[in-house]
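# An overview of the molecular structure
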Amino acid sequence: MLRTVDGQTGKARFMTQATTIHNSATTATFKSLKCKECGAEYELKASNVCELCFGPLEVLYDYSALRRTVTREKIQAGPNSIWRYRPFLPVATDNVIDVGTGMTPLVRSHRLARRLGLNKLYIKNDAVNMPTLSFKDRVVSVALTRARELGFTTVSCASTGNLANSTAAIAAHAGLDCCVFIPADLEAGKILGSLIYSPTLMAVKGNYDQVNRLCSEVANTHGWGFVNINLRPYYSEGSKTLGFEVAEQLGWQLPDHIVAPLASGSLFTKIHKGFQEFVEVGLVEGKNVRFSGAQAEGCSPIAEAFKQDRDFIKPVKPNTIAKSIAIGNPADGIYAVEIAKKTGGNIESVNDAEIIEGIKLLAETEGIFTETAGGTTVAVLKKLVEAGKIDPDETTVVYITGNGLKTQEAVQGYIGEPLTIDAKLDSFERALERSRTLDRLEWQQVLV
Ligand SMILES: Cc1ncc(COP(=O)(O)O)c(C=O)c1O
Ligand SMILES: [Zn+2]
């Protein structure tokens, strides 16, 4: 290993001489990996922890080059996927894995907005993100492109479900070997949604944090590319596109307030980085965007740290139906708290009953079926509005990050049932009358 001192900052730089950097000078706008804590810089290899202070590493870009070369017009010229923002993503070649991820609808909400008493509410709908119906397809597209550049042939992840689906699907598309790890007790849709792509699927008897610990050991011994461990600095950059797209879809403007779910806290911090980068290179005008986060009460270490004004996270044992965001020891939790505090946002939690109500509310008012993470986010949005913590006139964006068809167990027993009838008109008429009477009774109960 080569240790040098950065001439400008005086900070230590560590370089492994043997590593080949597939960084073509003509296209790459990313320069190094930088420790978020002490600022030490490292070369662009598969590594996520600072060797000096164990802080997390983040990708550093050449912003002056970006300012010179990036324009709104070039971005708008496409492609119609996250790769329209390629200069802001940590990949060196044009040979990217493009499975149509990104550019999901930003829906102007009318009925949910009215129900909540908001005037300018938008829904960023990643429940229909391609190819596996969650925002994780964004981060995995970036991570696997980078994994290929770094020479990995086997890719892997520690997942709460959605990430395993994305890694398995996109690895299949790219022809990479794939071994994914999940807690054994996930929803059937999440398990099937990985198995269909024929990865090796390890269902670990334990919670996500135990899965993650095991994966760190495997990453050290097997030399695989773990998208959210040794490739984490590259992987996490994919979430910035959820910031970029919202800014572009709002007509090159930032919103006033965003509400997003928190598991490890990565998505939240990267939406923030995405907005900052667009300001930095002059694509949008700067302003303070308030960042509010959503957790499930049964796993709310970040919300607790926020409420108790702590600068450290106390790990918890998850117990909630919102399994996709059940991370008890969140790697980026403290950075999420910092952002919520500094921007004047909030981090709230809701219980499982409220999460189910959140899923139903979004479905009934907007025709969007989200999973438990989305139910958590909608329920927290409602709670924040009711507490007066979101102004009705703020342009507010709520991030819906996953699809409800994957977590059907969560709502079974809480929704209606089909009216089974004979294939005869009178059977239909009787059933219709019965259902109207039931509706009337329900309304009477509501009015009493
Ligand atoms: C649907 C969904 N939303 C949000 C998140 C939160 O992601 P992060 O770990 O980046 O906070 C996850 C994480 O797995 C998820 O599956
Ligand atoms: Zn460091």
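Residues numbered from 1 in each chain as written. Chains lettered and ligands numbered in written order. Predicted model: local features only at pLDDT ≥ 70, side-chain atom pairs only at ≥ 80, totals over all residues. Heavy atoms only, no water.

### Let's talk about the packing of helix H10 (residues 266-280) against helix H12 (residues 333-343)
Formally: Under this scheme, a helix contributes an axis fitted over its contacting stretch, all axes are lines through C-alpha atoms, and angles between N-to-C directions fall in the 0 to 180 degree range. Where helices and strands are cited, they refer to DSSP runs of H or I of at least four residues and of E of at least two residues respectively, numbered from the N terminus. If an angle is under 35 degrees, it is roughly parallel; if it is over 145, roughly antiparallel; if it lies from 65 to 115, roughly perpendicular; otherwise it is oblique. Handedness of a crossing is defined here by the sense of rotation of the near helix relative to the far one, left-handed for an anticlockwise turn of less than a right angle and right-handed for a clockwise turn. Residue contacts are defined here by distance: any two heavy atoms, one from each residue, within 4.5 Å place the two residues in contact.
Running from N to C, H10 and H12 cross one another at 50°; their axes reach a closest spacing of 8 Å. Comparing the axis directions of H10 and H12 gives the class oblique. The handedness of the crossing between H10 and H12 comes out as left-handed. On H12, the residues that touch Phe268, Thr269 and His272 of H10 are Tyr335, Ala336, Ile339, Ala340, Lys342 and Thr343.

### Observations regarding the side chain of Thr160
Note the following rule: Polar contact is defined as a pair of N or O atoms within 3.5 Å, subject to the rule that within protein one atom must be able to donate a hydrogen and the other to accept it, and that residues adjacent in sequence are counted only when both atoms are side-chain atoms.
One can find Thr160 in the loop between strand E8 (154-158) and helix H5 (162-174). From its side chain, Thr160 meets the backbone oxygen of Ser324 in a polar contact 2.7 Å long. Residue contacts for Thr160: discarding those within four places in its chain leaves Pro183, Leu186, Tyr208, Lys323, Ser324, Ala326 and Ile327.

### A look at the packing of aromatic side chains
So the rule is basically this: To pair, rings of Phe, Tyr and Trp, with the six-membered ring standing in for Trp, must have centres within 6.5 Å; the planes then decide the type, stacked if under 30 degrees apart, edge-to-face if over 60, and tilted in the middle. For the exposure calls, accessible area comes from a 1.4 Å probe over protein chains only, and a residue counts as buried if that area is under 20% of its type's maximum, exposed if over 50%, partly exposed in between. Only when the NZ atom of a Lys or the CZ atom of an Arg is both within 6 Å of the ring centre and within 35 degrees of the ring normal do we say a charge sits over the ring.
Under the defined criterion, the tally for this structure stands at eleven aromatic pairs. Judged by centre distance (5.1 Å) and plane angle (45°), the rings of Tyr85 and Phe244 are tilted. Taken together, the residues Tyr85 in the loop between helix H2 (72-76) and strand E6 (106-109) and Phe244 in helix H9 (residues 241-249) connect sequence positions 159 residues apart. For the pair Tyr85 and Phe244, one class covers both residues: buried. Its end group placed over the ring of Tyr234, Arg146 keeps NZ or CZ at 5.0 Å from the ring centre. Between Arg310 and the ring centre of Phe312, over which it is positioned, the NZ or CZ distance is 5.3 Å.

### A word on the pattern of salt bridges
When their charged atoms lie close together, side chains carrying opposite charge are able to pair. Short version of the rule: A pair is scored as a salt bridge if a Lys or Arg side-chain nitrogen falls within 4 Å of a carboxyl oxygen belonging to Asp or Glu.
Evaluation of the coordinates by the stated rule reveals 24 salt bridges. For Lys270, the salt bridge goes to Glu237, with nearest N and O atoms at 2.7 Å. Taken together, the residues Lys270 in helix H10 and Glu237 in helix H8 (residues 232-237) connect sequence positions 33 residues apart. Each member of the pair, Lys270 together with Glu237, is buried. Residues joined by salt bridges that share partners form a network here, namely Lys36, Glu58, Glu237, Lys240, Lys270, Lys273 and Glu277.

### Comments concerning the coordination of the zinc ion (ligand 2)
Stated precisely, the cut-off is as follows: A 2.8 Å cut-off from the metal defines N, O and S donors, relaxed to 3.2 Å for Na, K and Ca; water is not in the atom list, so some sites may appear incomplete. Geometry is assigned from the angles between donors: four donors with all angles from 85 to 135 degrees make a tetrahedral site, four or six donors whose opposite pairs exceed 155 degrees while the rest stay between 65 and 115 make square planar or octahedral sites respectively, and everything else is labelled irregular.
Protein coordination at the zinc ion (ligand 2) comes from Cys35 (SG), Cys38 (SG), Cys50 (SG) and Cys53 (SG), with a distance range of 2.3 to 2.4 Å. Coordination at the zinc ion (ligand 2) is tetrahedral, judged from the four donor atoms that bind it and the angles of 98 to 117° they form at the metal. Mapped onto the sequence, the residues coordinating the zinc ion (ligand 2) show the spacing C-x2-C-x11-C-x2-C. Of the two residues, Cys38 sits in the loop between strand E3 (30-35) and strand E4 (41-42) while Cys53 sits in the loop between E4 and strand E5 (57-61), which places them 15 residues apart along the sequence.

### Focus: the domain arrangement of the protein
What counts, and what does not: Note that the domain bounds were set by an automatic or database domain assignment. By buried area we mean the combined loss of accessible area, with a 1.4 Å probe, across both parts when two parts are placed together.
Along its sequence, the protein is organised into domain 1 (2-96 + 136-235), domain 2 (106-133 + 239-410) and domain 3 (419-448). Inter-centroid distance (C-alpha atoms) of domain 1 to domain 2 is 23 Å. With 40 residues of domain 1 at the contact, the number on the domain 2 side is 40 residues. Taken over both partners, the interface formed by domain 1 and domain 2 buries close to 3500 Å², and the fraction arising from carbon and sulfur atoms is 49%. Linking domain 1 to domain 2 there are eight salt bridges. Where Glu58 meets Lys270, a salt bridge forms, and the shortest distance between an N and an O atom there is 3.0 Å. For the pair domain 1 and domain 2, the interface holds 27 residue pairs in polar contact (both at pLDDT 80 or more).

### A short note on the sheet that holds strand E15 (residues 396-400)
For clarity, the cut-off: Should DSSP find at least two bridges between two strands, the strands are regarded as paired.
Sheet architecture is open: six strands sit in the order E6-E7-E15-E12-E13-E14, paired in mixed fashion. Each edge of the open sheet is held by one strand with a lone partner, namely E6 and strand E14 (347-350). Adjacent strand axes in the sheet meet at a mean angle of 25°, parallel and antiparallel pairs treated alike. For strand E12 (residues 257-261) and E15, the ladder comprises three bridges, and the chain directions are parallel. Directly across from Ile258, in E15, lies its bridge partner Val397.

### A few points about a nonpolar patch on the surface
The condition that has to hold: Each patch groups residues whose relative accessible area exceeds 30% and which form no salt bridge, using 9 Å between like charges and 5 Å between nonpolar side chains of Val, Leu, Ile, Met, Phe, Trp and Tyr. All accessibility values rest on the Shrake-Rupley procedure with a 1.4 Å probe; residue burial counts only the protein chains present in the view.
Judged by side-chain polarity, Leu419, Ile421, Leu425 and Phe428 come together as a nonpolar surface patch covering roughly 390 Å² of accessible area. With respect to the secondary-structure elements, Ile421 resides in the loop between E15 and helix H15 (425-447).

### Let's talk about the nonpolar core
Operational definition: For our purposes a nonpolar core is just a set of buried Ala, Val, Leu, Ile, Met, Phe, Trp, Tyr and Cys residues, chained together by side-chain atoms within 4.5 Å.
If you look at the biggest cluster of nonpolar residues, it comprises 78 residues, and the most contacted ones within it are Phe88, Leu144, Ile258, Phe268, Phe275, Phe278 and Tyr399. Top element by residues in this core is H5. It accounts for six residues. Two domains each donate at least three residues to this core, and these are domain 1 (2-96 + 136-235) and domain 2 (106-133 + 239-410). Once residues lying within four places of it in the same chain are set aside, the contact partners of Tyr399 are Lys124, Leu242, Gly243, Val246, Ile258, Val259, Ala260, Pro261, Ile271, Phe275 and Thr377. In terms of nonpolar packing, the next biggest core, distinct from the first, is built from 41 residues, Ala158, Val204, Ile229 and Ala322 among them.

### A few points about helix H7 (residues 208-222)
The α-helix winds at 3.6 residues per turn, so residues separated by three or four positions along the chain end up facing the same way. For clarity, the cut-off: What a helix should span is 1.5 Å times the count of its residues minus one.
Taking 1.5 Å as the rise per residue, H7 with 15 residues should run 21 Å; its terminal C-alpha atoms sit 20 Å apart, in good agreement. When we look at burial in H7, the residues that qualify are Tyr208, Asp209, Val211, Cys215, Val218 and Ala219. Buried residues belonging to H7 abut E8, strand E9 (177-183), strand E10 (200-204) and strand E11 (225-226). Where H7 begins, the side chain of Asn207 points an oxygen toward the backbone nitrogen of Asp209, at a separation of 3.1 Å. Gly223, located one to two residues past H7, shows a positive phi value of around 65°.

### Here we look at H9
Within H9, eight of the nine residues are buried, which leaves the element mostly enclosed by the surrounding structure. Those residues of H9 lying buried are Thr241, Leu242, Gly243, Phe244, Glu245, Val246, Ala247 and Glu248. In the segment just after H9, Gly251 is the residue with positive phi, at about 80°.

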